[in-house]
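# Secondary and tertiary structure notes
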Amino acid sequence: MNLRFSPRRLAALVAKEGSQIVRDPSTFLIAFVLPLILLFLFGYAVSLDSTRTRVALVVQDSSAPALSLAQSYAHSPYFDVTFARAVQPVKQWMVDGRVRAIIVIPPDFGEGVKQGNPPPIQIVTDGSQPNTANFAAAYGEGVRAAWAAGDDNRQPPVGLSTRFWYNPELKSRYFLVPGSIAIVMTMIGTLLTALVVAREWERGTMEAMMATPISMAEFIASKVLPYYLLALGSMTLCTLIAVFAFGVPFRGSVFALFAIASAFLMPALGLGLFISAATKNQFVASQVALLSAFLPTFLLSGFIFEIGSMPWPIQAITYAVPARYLIPSLQTVFLAGDLWGLILPNIGIMLLFGMGFFLLAFRVTRRSLD
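Below: a short report on this structure. The model shown is predicted, which means the values in this text are computed figures rather than measured ones.

Met185, Phe219, Leu326 and Met350 are the most contacted members of the largest nonpolar core, which has 65 residues in total. The biggest single contributor to this core is helix α10 (residues 216–244), with 12 residues. Beyond its immediate chain neighbours, meaning those up to four positions away, Met185 contacts Thr190, Met235, Ala261, Phe264, Leu265, Ala268 and Leu326. Counting 17 residues, the second largest nonpolar core, distinct from the first, contains Ala66, Ala70, Val143 and Trp147.

Here it is, written out as structure tokens:
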């Protein structure tokens, strides 16, 4: 291979790789069918919302304050309340899974309110489902606090108004669907690219390419450009579905979206090419891509699990995952707008990752050819 760069030769190589993509139906399945399945899963099947959590409300006091508080729980949009008079029967409901929490208003609640020292209410949650248990406990306390503030006839010196910016309805779909686009681009950018050079070695066509006058830059560019365009096309399709099918707001600009996607595809494509050149085997390349790209993107990028709640060693590892910088940028463009002060640093870090992976891919590919 020589070191000269010929646009005409590159165009011919890209056309050859494009023909290869067209002839392979599995590429279109991964690029366009699998993203649709993922979007519908995260848009409809997966939900982290805590609305209408089933709870048993045990009212052991018949006083007006106790009944008023009970009505507050009954009218809360977060709970599906079943009333009871004693704790013992509803324990079995918790065991059977009919309710996820038990809220107990004690017998002397009304008397305590009159004396200005109400006894605490009891909230028992099902710890086998930690997220639901935390939501039920937090919202249960929130309803009680709101009721206590409204029950006080004195005008409070300071009013409290709670607002949720960017996602007023707290719909988990609004951050899960944009996050799933990161999964899609990882699969196309890394998984498909990881099979490219390995396929050339397995089919024995690499030797034929080595006999041609193509340069190393032309070779790598011809393997990357078709999948870059394919990934952008899939991302565009996912964005349209997210906005028009799932109603996810898009408050940023198309330019920012494509800038973020292009920056992320640099490390994704570079990693895939590096894996492909290093393994020279499609099966091994796909397994390595799965372990090094897909799983970290799914588990360590903040897509599903909040990074701030992870142990600090795991948090340190997440800094080496490029998708960690993609997820907040995508969610910002969708929900907040073009906040370049947040987006540009993430783009810069992803480009640095991309340069590193492409240098590794260049060295490994050249050494393999030598």
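Moving on, we come to the pattern of salt bridges. Throughout the structure, instances matching the rule amount to 5 salt bridges. With a shortest N-O distance of 2.9 Å, Glu218 and Arg9 are connected by a salt bridge. With Glu218 in helix α10 and Arg9 in helix α1 (residues 7–23), this residue pair connects regions lying 209 residues apart in the sequence. According to the relative accessible area criterion, Arg9 is partly exposed, its value standing at 22%.

Time to look at the packing of α10 against helix α11 (residues 254–279). Packing of α10 against α11 leaves a shortest axis separation of 10 Å and a crossing angle of 135 degrees. Here α10 is positioned oblique relative to α11, judged by the angle of their axes. When you trace α10 past α11, the crossing you get is right-handed. Across from Ile220, Lys223, Val224, Tyr227, Tyr228, Ala231, Leu232, Met235, Thr236 and Thr239 in α10, the residues of α11 making contact are Leu257, Phe258, Ala261, Ser262, Leu265, Leu269 and Leu273. By residue class, the composition of the contact of α10 with α11 is 13 nonpolar, 3 polar and 1 charged.

Relative to the elements of secondary structure, Ser222 occurs in helix α10. The class for Ser222 is buried, based on a relative accessible area of 2%. Separated by 2.7 Å, the side chain of Ser222 and the backbone oxygen of Phe219 make a polar contact. Contacts of Ser222, omitting those with residues within four sequence positions, involve Leu10, Leu13, Val14 and Glu17.

Here is what the cut-offs are and how they apply
Residues numbered from 1 in each chain as written. Predicted model: local features only at pLDDT ≥ 70, side-chain atom pairs only at ≥ 80, totals over all residues. Heavy atoms only, no water. Core = buried A, V, L, I, M, F, W, Y, C linked by side-chain atoms within 4.5 Å. Buried < 20%, exposed > 50% of the residue type's maximum accessible area, 1.4 Å probe, protein only. Helix = DSSP H or I, 4+ residues; strand = E, 2+ residues; numbered from the N terminus. Contact = heavy atoms within 4.5 Å. Salt bridge = Lys/Arg side-chain N within 4 Å of Asp/Glu carboxyl O. Axes fitted to C-alpha atoms, helices over the stretch in contact; angles between N-to-C directions. Parallel < 35°, antiparallel > 145°, perpendicular 65-115°, else oblique. Left-handed = near helix turned anticlockwise from the far one by under 90°. Nonpolar A, V, L, I, M, F, W, Y, C, P; charged D, E, K, R; others polar. Polar contact = N/O pair within 3.5 Å; in protein donor to acceptor, adjacent residues only side chain to side chain.

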